[in-house]
Amino acid sequence: MSLGTRDDRGALAATAGAPRVPHLRRRRLQLYEPVQKRTYWSLAVVSLCAVFGFWALLSYTGAVQNLFLPTPTQVWQAAVTENNTGILWPDVGASVLRIVLGFVISSVVAIPVGMLMGSYKVFEAALEPPIDFMRYTPAVAFIPLTLIWFGTSTTQKLVILFIAIFFQEVLLIMDNVKNVPMPFVDMAYTLGLSPAQVVRRVIFRAALPGIVDTLRISMGWGWTYLVVVELVGATDGLGFQIQQAQRYLDTPEIILGIIIIGVLGLIFDFSFKGVYARAFPYMSRRR
Amino acid sequence: MAATLVLKGVDKTFHSRRTSVHALDNVDLTLEDGEFVSVVGASGCGKSTLLRIVAGLEAASGGELTLDGAPLTGPGRDRGMVFQQYTLYPWLCAQDNVEFGLRHLPRAQRCEVARRFLDVVGLLDFAGSYPFQLSGGMQQRVAIARALALRPSILLMDEPFGALDAQTRSLMQELLLSIWERDRLSVLFVTHDIDEAIFLADRICVLSAKPGRVREIIDVHLPRPRQFAQQVEREFLELKQYVRSLIHDEAARNTGFSGVLQ
């Protein structure tokens, strides 16, 4: 049967003079097919608008009580008030400072340690078990202990962020390093490089795109834990702001805090993607 | 420039937890100064392992390797290597890829040497291009330029054209021969393509599989400089038929095909 069909199709194409095979016509959704920049952005805007529209619909119509779900107008008013009274930006600043510090400290340690673990089996053997142990211990479980040790200080926040970020990050970086194609290393040896030079000039460089991606993802986890740690014991920051607002049933302010965190996350994520695209143009080609 | 490579009783056994694989058994091979030798054999015969041992990337389990009388212990710039895949560093442009192995030279000289060898492979205009902007054949040409820029005494090539299409492959062979005719480097060339092995080489080393042993070393008497058209001449075809039959029996015996193909 299939043979007959194939013949028919061949005959059809030949007689009609049209080389088009109906089964190969262009489909709308192609696997891994890149989309145009304009399409990408308009789809992104549409989906964001849809979320916003759903929220507006539920709140403005009164389908959900405003106490539970405030309207966009109310949230906007909360933003204006907070901006005018000057309490918004210090909280944003405090949170951003913490996340950046926590992220930088974790990464500065995780990159060399992950490099060593990925390149030398002895380091992997020695470090992976304790790191795995810490990775499976929820970082939030350390909040009470760190509060006893460090109070509600910035140090306490940074310790929690370190626990939350580092132990995940370091293992991912180890994997990034392990994924470096072996021929890159062999080639470096034949070009006369020493093992130390190979680690620095080939393995690190080859793993770098993966490492930057790991950093981007780690930053995302960082936000989650930052807010948790600010909700529990802090005197400023976005998490603190949300927690205060809850005390006064000030839902517009809660929503405002959530939106700000989301927007900041988006900004950081896009910055990382921008750096990635600019620094590693060769990675965008699928091979 | 060129050198004599001598392999005496080279042996290689890979040990894993449960099993050990005897990959090479007592391989004797001499590569005379300026000679072009192809190594062919059924897949899994250890031909790539042999090349990796010569490159110093793998240690022999037994036997001796000497280059101009000096024992080979590890990798070095005296042996330029061209791999089949992942041959260039994607984060470096063609020029920087070639310069990568020239760190021992002062900067200005590095640049000049790199440009000279990019010119040899006809890619001077693409010095600033990155590997992802180059075709597979161009990438291999840069890889050859990089190996040549080391001014090695011997060139080691591990199926360097194996991933290229037939037309590009054939052009690459001619390019390699023209470079070799001029520089008279010693070349050890591993391939599974018999036409390629014959077309390029002075001698063909046929390995048998499991363990890899030298089955036969065949002299190729085709006149040089070689021309593409020689590949349809009677002498070429007879040689090809002969090498094919040597390898075919091996392959069938070692891959479980002989039971099925009666």
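Since the model is a prediction, treat every value here as computed from it, not as a measurement. (Residues numbered from 1 in each chain as written. Chains lettered and ligands numbered in written order. Predicted model: local features only at pLDDT ≥ 70, side-chain atom pairs only at ≥ 80, totals over all residues.)

Okay, the sheet that holds strand 2 (residues 20–31) of chain B next. All names here are of chain B. Here four strands make up an open sheet; going across it, the order is 2-1-4-5 and the pairing antiparallel. The open sheet has two free edges, formed respectively by strand 2 and strand 5 (70–71), since each of these has just one partner strand. Pairing of strand 1 (residues 5–15) with strand 2, which is carried by eight bridges, proceeds in the antiparallel orientation. Bridge pairing links Val10 to Val27 in strand 2. (Pairing = 2+ DSSP bridges. Helix = DSSP H or I, 4+ residues; strand = E, 2+ residues; numbered from the N terminus.)

Looking now at the nonpolar core. Core analysis: the largest hydrophobic core is formed by 122 residues, its most contacted members being B:Ala145, B:Leu188 and B:Phe189. If you tally residues by element for this core, the top one is helix 7 (residues 154–178) of chain A, at 15 residues. Setting aside anything within four residues of it in sequence, one finds B:Ala145 in contact with B:Val98, B:Phe117, B:Leu118, B:Val120, B:Val121 and B:Leu123. (Core = buried A, V, L, I, M, F, W, Y, C linked by C-beta atoms within 7 Å. Buried ≥ 20, exposed ≤ 12 C-beta atoms within 10 Å, placed from the backbone. Contact = placed C-beta atoms within 7 Å.)

The domains assigned to chain A are domain 1 (2–52) and domain 2 (71–283). On a C-alpha basis, the centres of domain 1 of chain A and domain 2 of chain A stand 40 Å from each other. (Domains from an automatic or database assignment.)

The next thing to look at is unusual backbone geometry. Residues and elements named next belong to chain B. Look at the link from Lys210 to Pro211: it is a cis peptide, with omega at -5°. A cis geometry characterises the amide bond from Arg224 onward to Pro225, with omega recorded as -5°. The topology assignment puts Pro225 in the loop between strand 10 (213–219) and helix 7 (234–254). Notably, Glu159 is not glycine yet its phi reads approximately 40°, a positive angle. Here Glu159 is to be found in the loop between strand 7 (154–158) and helix 5 (166–183). Classification of Glu159 by C-beta neighbours within 10 Å gives partly exposed; the count is 19.

For the rest of this paragraph, the subject is the confidence of the model for chain A. Summarising the model, chain A shows a mean pLDDT of 89, and 90% of its residues fall at 70 or more. With pLDDT under 50 throughout, residues 1–16 of chain A is counted as low confidence; its partners more than four residues away or in other chains account for four contacts. (pLDDT = per-residue confidence, 0-100.)

A separate point is the sheet that holds strand 9 (residues 203–208) of chain B. All names here are of chain B. With respect to topology, six strands assemble into an open sheet ordered 6-7-8-3-9-10, the strand pairing being mixed. One side of each edge strand has no neighbouring strand; the edge strands of this open sheet are strand 6 (79–82) and strand 10. Strand-to-strand twist across the sheet, computed as the mean angle between neighbouring axes with direction ignored, equals 20°. Sitting on the sheet, helix 4 (residues 136–149) touches strand 6 and strand 7, and the angle it makes with strand 6 is about 170°. This element, helix 7, spans strand 3 (36–41), strand 9 and strand 10 of the sheet and lies at about 15° to strand 9. (Axes fitted to C-alpha atoms, helices over the stretch in contact; angles between N-to-C directions.)

Turning to the packing of helix 8 (residues 182–190) of chain A against helix 9 (residues 195–232) of chain A, a few remarks are in order. Residue and element names in this part refer to chain A. Two elements in contact, helix 8 and helix 9, have axes separated by 10 Å at closest approach and are oriented at 155°. Classified by the angle between their axes, helix 8 and helix 9 sit roughly antiparallel to one another. Seen from above, helix 8 lies across helix 9 with right-handed handedness. Listed contacts from helix 9 to Phe184, Val185, Ala188 and Tyr189 of helix 8 are Val198, Val202, Ile203 and Ala206. Each residue belonging to the contact of helix 8 with helix 9 can be placed in one class, and the counts come to eight nonpolar, no polar and no charged. (Parallel < 35°, antiparallel > 145°, perpendicular 65-115°, else oblique. Left-handed = near helix turned anticlockwise from the far one by under 90°. Nonpolar A, V, L, I, M, F, W, Y, C, P; charged D, E, K, R; others polar.)

Turning our eyes to something else, we now look at the domain arrangement of chain B. A common way to express how large an interface is: the accessible area buried when the components associate. All names here are of chain B. With domains assigned, chain B is organised as domain 1 (5–78 + 153–254) and domain 2 (87–151). Each of domain 1 and domain 2 was reduced to a C-alpha centroid, and the two centroids are 25 Å apart. Domain 1 puts ten residues into the contact, and the matching count from domain 2 is eight residues. In terms of residue class, the side of domain 1 that touches domain 2 is made up of eight nonpolar, one polar and one charged.

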